[in-house]
Protein chains: 2
Amino acid sequence: MSSKILIIGGVAAGPKVASKVMRLDPTAEVTVLEKGKFLSYAGCGLPYYVSGKVKEQKDLMSTPVGVVRDAAFFQKVKNVKVLNETEALEIDRARKRVRARTHGKGEDFLLDYDKLVLATGAKPVVPPIPGIKLGNIFTLHGVHDAEGIKALLAQSKARDVVMIGGGLIGVETTEALVESGCRVTLVEMLPQVLRILDWELARLVEKHMESHGVKVLTNAQVTAFEGDATVREVITTRGRLPADMVVLAIGVRPNVDLARAAELAIGLTGAIQVDDTQRTSDPDIYAVGDCVQTTDLITGKPCFVPLGSTANKQGRVAAINICGGTDRFPGVLGSTVCKVFDYCVARTGLTETAARQLGFEPVTVLVPDMDRAHYMPGSSLIITKLVVDSRTRKLLGAQIVGPGVGDKRVDVAAMAITAEMTVDQLSKADLCYAPPYATAVDAVLTAANVARNKLDGELIGITAMEVQQRIEAKDDFVLLDVRSPAEHDAERLPGSTFIPLGALRARVGELPKDKEIVAFCKVSLRGYEAAKILQASGFTRVRVMDGGLIAWPYDKITK
Amino acid sequence: MSSKILIIGGVAAGPKVASKVMRLDPTAEVTVLEKGKFLSYAGCGLPYYVSGKVKEQKDLMSTPVGVVRDAAFFQKVKNVKVLNETEALEIDRARKRVRARTHGKGEDFLLDYDKLVLATGAKPVVPPIPGIKLGNIFTLHGVHDAEGIKALLAQSKARDVVMIGGGLIGVETTEALVESGCRVTLVEMLPQVLRILDWELARLVEKHMESHGVKVLTNAQVTAFEGDATVREVITTRGRLPADMVVLAIGVRPNVDLARAAELAIGLTGAIQVDDTQRTSDPDIYAVGDCVQTTDLITGKPCFVPLGSTANKQGRVAAINICGGTDRFPGVLGSTVCKVFDYCVARTGLTETAARQLGFEPVTVLVPDMDRAHYMPGSSLIITKLVVDSRTRKLLGAQIVGPGVGDKRVDVAAMAITAEMTVDQLSKADLCYAPPYATAVDAVLTAANVARNKLDGELIGITAMEVQQRIEAKDDFVLLDVRSPAEHDAERLPGSTFIPLGALRARVGELPKDKEIVAFCKVSLRGYEAAKILQASGFTRVRVMDGGLIAWPYDKITK
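Notes on the structure follow. (Residues numbered from 1 in each chain as written. Chains lettered and ligands numbered in written order. Predicted model: local features only at pLDDT ≥ 70, side-chain atom pairs only at ≥ 80, totals over all residues.)

Regarding its fold elements, chain A presents 16 helices and 32 strands. A compact globule built from 559 residues should have a C-alpha radius of gyration of about 24 Å, and chain A, at 27 Å, falls within 12% of that. Its C-alpha atoms put chain A at 90 × 55 × 40 Å along the principal axes. Counting across all 559 residues of chain A, residues that qualify as buried make up 57%. For chain A, the share of sequence-separated contacts (at least 6 apart) that also reach a separation of at least 24 residues comes to 63%. (Helix = DSSP H or I, 4+ residues; strand = E, 2+ residues; numbered from the N terminus. Rg over C-alpha atoms; globule rule 2.2 N^0.38 Å. Buried ≥ 20, exposed ≤ 12 C-beta atoms within 10 Å, placed from the backbone. Contact = placed C-beta atoms within 7 Å.)

Here's what the structure looks like:
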């Protein structure tokens, strides 16, 4: 007797379970119910469909060789029965069956299962703000949303757009809208965009967005939408914003209605609770993808990090366990990347903020470097922040921002965290080197070495934020710029003292020994060497500014 | 009393030791002796200087902010005394001093040391082939060589070039010469270029070079050079080749003359033997970079893998130990990358060949995949081979070839090998995902999953080489192509049977149950699904061709 596998959800994790089950057990009877019209489409690709980089809707739902993954495809190629536009209404756990209804087809029907898989995904948060029902206010969650936005863009009816929410979808969609010719204002409730980053790196991303014409309003809350049939203005705590279109991207919530109604355990995060085999509190029901909670590999605590990469892995794990095998999904590090215009923005593990909240005593470094040999054409900047546990010297997190190749270096950091490596071990990693691809000491390894210098007391750092506070407080300290005259002419920090590194040994007498000295350069390697020269000359209070001028998140003086 | 640190070699590892020593101990007296004229230059960048991608000689020896690292720079900025064009002639270990001579300055002189560092590098192998002394036969080891080659190119006197050796420098320089307008024949003694790869991937690289007009002659040995003052012809076991210029790139040997004369221990590899603190058999003498042997992290055996990345790490380790700290260099995985025209070619750990030689019983997979979401513009192919220990399921090696981003994925594999991860663990790694950067299941994780399928007996593979042998031997088996009609029309394998995957269930009766069936498609995911369908229909001898048609290293039938 073949077993009946019923899967609710046909977008990402659901089809993955279906395909893998059929490969493991070709005798299984697999049925997928999908509420919407479209199957197995690339939700993460929607911003690129809006921008036109992805040309056609069907590109998002085709296999790499161009076959559209529709119900006929699943039947013919996978031997999986897919009912789209069909909503699961209720789970009867006692009788092991699901009541469902196909849109526009009247009668409900019942489907039996031996194993049920919930892949019900997440839904965008839509806050109850006055005017939220006005026209031209979109979320960007499904193909339908993208088509609505694209239709407005095609009619050139969306000159002024307000993007609400500076998370991943918000910043990716902002880029798409700017590329479509919109004037975009991004409204973010928090003091920064992209909570995957610490503030100083998020600020660099905001500056980059601003350089592309985006108006970034942080610490701003939307209080109302105004307009007639369609939205005309967005009222925020930081002013009124004209708006032909609004895109809401303030986050998603796991879709747990069915699970909750069936009295399956819901986790602390509000997502469905599963064990590491993806099984829910009912041994015959599994759950995967954006509707489940998973485990943070560093803290061991439950977390809700809905991502397509995780959904796929969980789908495979669930399928193996459903078919009688054993596989476990250990959890996530929160590894994330997004493209923000010309910047690659990536993160894994804990931010400094998160690490401190969790009670770690982190040492952090902020290291600007080139992504390949600096003399090679195309060599681009990346700014790496590492968060390291000062007690164990283990890497806790990495963030990289900049035009260069950052994502794969964050992947290297993710591997180091997974393996619980110290920065000492990471610094010795044998990574590939050739001038078109990396520097001889790769940027991540250099950052690990800087962390080692800090942990060993060789380098005493100070963050840009502390320096700025001291400048604002008119503290009496020397902010020592050791760059070259040409660099200093081009841009500099207010109130800084300028002695190029090469002249420092000769001119060390010009500096006061009784004051603290904060040395910096472009990236702070020369700043570090300056500190060493000063220490050797008897200066005892010398610090080096993390990240140098290139990672300075505030204003600079330019010519 | 400050300590005297004497460093022999001023190109890569030597200056690294000098700089780090000065940062750790600003009171040290550090002197660097360099035989050549140029200091601290990027030897790995020479092919790109030949091609003109790197515009000026000084770019190779400047800091990222454009300051040339000459003797004055080292003195002023680093407080390091550098004597270039100065050769160390002899080490007097008993008296702890080195006899040296500056070119063109008559008298030898003596330099005392407390600690001596050998960073004498490697030298290109120049075989004693008749005619080797003819003009226009170059190696590409130093700036001087590059200038010689560039001068000939500038005079348009190097139309036909024979490149001898298909290693890293050989293929990189071949690209440079083709870009400079030369007709290049690459002569390689072995059956393949790039021994960092297994044969079938090296063959794909050769095909790629051939598509750029390079004539690749493998299994060919040079027996003589002929010409008058300058070379005119290269005589090989596979014919006579016209040559206006010859570049010899058959490898390097560690420069151990000084060490050997001083009776320091030389390792089995012919390079200087050091412990993991980089100390030689003399406790006051360290050695770093291309002149030392290191440890293969997988086998624990000594190896000689001269690379700039390793040299830098060793330099740091030596400096820390010299200054009284403790640091250890654990060894290498042989991680390597090179650019071959539009292909990124990268490797870490053991090839299949090496693994078999070492007594492992490896399972291998060959998985073509896209480097980012296939619907994104710029999405490019990468072909990943993993070598996995079938007993422990641990990853032993990874090779990636193709136009897409392969190097950083090999870095991820390198981290997995360093952490002794199984492919099961690797397959769960939380890597960054967004459509512009990766697929939802990253190519390396997909390859890990394919390896798991093989290890678990879900997938039985057959290599292209075995298939080709069986075709040649006229074995009676079914080579089943399950691609689409359009794909089949464009190119196909000789003697294959064609049934598209979507039609296979209906047409399964057309296939003979008594013969072995080898299923394949473009990449072999559909081939795998075909195998599963056939198995479910009672076929017992079904295999899937590793890598599919896209990694097929032999000829195909095209329209």
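Our focus in this paragraph is the pairing of strand β13 (residues 222-227) of chain B. Here five bridges tie β13 of chain B to strand β14 (residues 231-236) of chain B, and the two strands are oriented antiparallel to one another. Paired with Phe225 of chain B across the strands is Val234 of chain B, a residue of β14 of chain B. (Pairing = 2+ DSSP bridges.)

The interface is formed by 73 residues belonging to chain A together with 73 residues belonging to chain B. Looking at the side of chain A that touches chain B, the element that brings in the most residues is helix α10 (residues 407-418) of chain A, giving ten residues. Taken together, the residues of the side of chain A that touches chain B break down into 42 nonpolar, 13 polar and 18 charged. (Nonpolar A, V, L, I, M, F, W, Y, C, P; charged D, E, K, R; others polar.)

Quick look at helix α12 (residues 443-455) of chain A now. Helix length check: α12 of chain A (13 residues) gives 18 Å between terminal C-alpha atoms against 18 Å at 1.5 Å per residue, within 8%. Judged by how many residues are buried, α12 of chain A sits mostly within the fold: eleven of 13 residues are covered. Taken together, the buried positions of α12 of chain A are occupied by Ala443, Val444, Leu445, Thr446, Ala447, Ala448, Asn449, Val450, Ala451, Arg452 and Lys454 of chain A. Against β23 (362-370), β24 (381-389), α10, α11 (423-427) and β26 (461-462) of chain A together with α8 (308-322) of chain B lie the buried residues of α12 of chain A. (Expected span 1.5 Å × (residues − 1).)

This part takes up the sheet that holds β24 of chain A. Residues and elements named next belong to chain A. Strand order in the open sheet made by the five strands is β21-β22-β25-β24-β23, with antiparallel pairing throughout. Two strands lie at the open edges of the sheet, namely β21 (336-340) and β23, each paired on one side alone. Shown here is a sheet whose adjacent strand axes are inclined to one another by a mean of 15 degrees, direction ignored. In this sheet, strand β25 (residues 395-402) lies alongside strand β22 (residues 343-349) in antiparallel orientation, the contact comprising six bridges. What sits directly across from Cys344, in β25, is Gly402. Across the sheet, α12 touches β23 and β24, and the angle it forms with β23 is around 140 degrees. (Axes fitted to C-alpha atoms, helices over the stretch in contact; angles between N-to-C directions.)

Here we come to the nonpolar core. One finds Val205 of chain A together with Val117 and Val205 of chain B to be the most contacted residues of the largest nonpolar core, which totals 394 residues. Not counting chain neighbours up to four residues away, the residues in contact with Val205 of chain A comprise Val193, Leu194, Leu197, Val340, Tyr343, Val345 and Val401 of chain A. (Core = buried A, V, L, I, M, F, W, Y, C linked by C-beta atoms within 7 Å.)

With that out of the way, let us pick up the packing of helix α1 (residues 13-24) of chain A against helix α8 (residues 308-322) of chain A. Residues and elements named next belong to chain A. At a minimum axis distance of 8 Å, the contact between α1 and α8 shows a crossing angle of 35 degrees. You can see that α1 and α8 cross each other, and the crossing is right-handed. Residues Ala13, Lys16, Val17, Lys20, Val21 and Leu24 of α1 pack against Ala311, Asn312, Gln314, Gly315, Arg316, Ala318, Ala319, Ile320 and Ile322 of α8. The residue inventory of the contact of α1 with α8, partitioned by class, reads nine nonpolar, three polar and three charged. (Left-handed = near helix turned anticlockwise from the far one by under 90°.)

Here we take up the relation of the copies chain A and chain B. For the pair chain A and chain B, the relating rotation is 180 degrees, the translation along its axis is 0.0 Å, and the fit reaches an RMSD of 0.0 Å. Taken together, the rotation angle and the small translation identify this as a two-fold axis. When the interface residues of chain A are mapped onto chain B, 100% of them again fall at the interface, so both copies present the same face. (Least-squares fit on C-alpha atoms with pLDDT ≥ 70 in both.)

Keep in mind these values describe shape, not function.
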